[in-house]
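# Structure assessment
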Amino acid sequence: MESTTGILYAFMGRGRTVWADHQGSMAFQNPQKTASQMLGKLSQEGKYTFQLSEARTAYCLVDHLGVTFGCVASSTGMSSTSAMVFLGDLQEQFYCQFSASEVQTCAENTTQFRRFSVTMKKAIEIAYSGGQGKIDDVKKQIEDTRQIMSSNIDKVLERGERLEDVMDKSEAMKDTADAFRKKGRELRKKMWWQNMKMKIIIGVVILIILLLLFFGICRGVSCVTKK
């Protein structure tokens, strides 16, 4: 099996504690000690690679909660891309079984995730039985995307347009869009001011009418002073 995918050992945990693991090959001695040492070095989210020896490489994936998913593999039996896809699958399956809140509130030396070892064992078996197909699909998608981009560039060149011209056109379109947004803001300000002036005029007219009614009916301040 080891020569097929190269997975010797898989583990996951946080701090210096291994929460769950599975040994795919007995050729790897003291795997938990190695895993604990790597866990102690990892705290920041990201992807990591450790060259344990000429024949063995460790790969680790640390998520936003500080949980590390790792594996030790044969350096010639598994590529880094394959290893990270494998660890990504482990991470996805873990959070299907356990909630993020469980991870956030658990103690570092918890044993509540120990049963995930069974899932890790199955994941390694799936990798042996055809997991490489998923890697091949990813590679095919990358190649298809590369060919599409290459084809689009060729079409541009066939039309006699240089890439610099395309960039110039993009900049011109950006400038046009900026000018359009600027005119839109100016138009909104102008309409707002016109609307405000109309409200002021209406208010003044109403005030004048009220004053005229007041002086016409009460003849000055007589309505106010009369008892």
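Residues numbered from 1 in each chain as written. Predicted model: local features only at pLDDT ≥ 70, side-chain atom pairs only at ≥ 80, totals over all residues. Heavy atoms only, no water.

### Some points on the state of the cysteines
Summed over all chains, the structure comprises zero disulfides. Summary of cysteine pairing: Cys-60 is not part of a disulfide, and the nearest cysteine sulfur, belonging to Cys-71, is at 7.7 Å. (Disulfide = S-S within 2.5 Å.)

### Side note on a positive patch on the surface
A cluster of basic residues, Lys-182, Arg-185, Arg-188 and Lys-189, forms a positive patch on the protein surface. Relative to the helices and strands, Lys-182 is located in helix H6 (residues 163-218). Lys-182 gets classed as partly exposed once you look at its relative accessible area, which sits at 48%. (Patch = residues over 30% accessible without salt bridge, like charges linked within 9 Å, V, L, I, M, F, W, Y side chains within 5 Å. Areas by Shrake-Rupley, 256 points an atom, 1.4 Å probe, with all protein chains shown as cover. Salt bridge = Lys/Arg side-chain N within 4 Å of Asp/Glu carboxyl O. Lys, Arg positive; Asp, Glu negative; His and termini not counted. Charge placed at Lys NZ, Arg CZ, Asp CG, Glu CD. Helix = DSSP H or I, 4+ residues; strand = E, 2+ residues; numbered from the N terminus. Buried < 20%, exposed > 50% of the residue type's maximum accessible area, 1.4 Å probe, protein only.)

### A short note on the nonpolar core
In this structure, Met-12, Phe-86, Leu-87, Leu-90, Phe-94 and Phe-116 are the most contacted members of the largest nonpolar core, which totals 28 residues. Contributions of two or more residues to this core are made by strand S1 (7-14), strand S2 (17-23), strand S4 (56-62), strand S5 (68-74), helix H3 (80-97) and helix H5 (116-158). Per-element accounting of this core gives the leading share, six residues, to H3. For Phe-86, the contacting residues outside a window of four places in its chain are Ile-7, Ala-10, Cys-71, Ala-123, Ile-124 and Ala-127. Listed in part, the 14 residues of the second largest apolar core include Leu-8, Phe-11, Met-38 and Cys-60. (Core = buried A, V, L, I, M, F, W, Y, C linked by side-chain atoms within 4.5 Å. Contact = heavy atoms within 4.5 Å.)

### A word on the pairing of S1
Across the eight residues that make up S1, a large majority, eight, are buried. Pairing analysis gives six bridges linking S1 to S2, with the strands arranged antiparallel. The residue bridging Ala-10 from the neighbouring strand is His-22, located in S2. (Pairing = 2+ DSSP bridges.)

### Thoughts on unusual backbone geometry
Trans is the prevailing form of peptide bonds, just as negative phi is the prevailing case for residues other than glycine. In this structure, Asn-30 takes a positive phi of about 50° despite not being glycine. Here Asn-30 lies in the loop between S2 and helix H2 (31-41). Its relative accessible area of 56% is what places Asn-30 among the exposed residues.

### Notes on the sheet that holds strand S3 (residues 46-51)
The sheet built from five strands is open, its strands ordered S2-S1-S5-S4-S3 with antiparallel pairing. The outermost strands of the open sheet, each flanked by one partner alone, are S2 and S3. On average, each strand axis in the sheet is inclined to that of its neighbour by 15°, with strand direction left out of account. Here six bridges tie S1 to S5, and the two strands are oriented antiparallel to one another. What sits directly across from Ala-10, in S5, is Cys-71. In the packing of H2 onto the sheet, contacts are made with S1, S2, S3, S4 and S5, and the angle to S1 comes to roughly 45°. (Axes fitted to C-alpha atoms, helices over the stretch in contact; angles between N-to-C directions.)

### Description of the pattern of salt bridges
Under the counting rule described, the total for this entry stands at two salt bridges. We note a salt bridge from Asp-21 to Arg-114, for which the minimum N-O separation is 2.8 Å. You can see Asp-21 sitting in strand S2 and its partner Arg-114 sitting in the loop between helix H4 (100-105) and H5, a full 93 residues away along the chain. Overall, Asp-21 belongs to the buried group, its relative accessible area being 10%. For Glu-125, the salt bridge goes to Lys-121, with nearest N and O atoms at 2.6 Å. Of this pair, Glu-125 and Lys-121 both sit in helix H5, four residues apart, which is roughly one turn of the helix.

Structural measurements only, silent on function.
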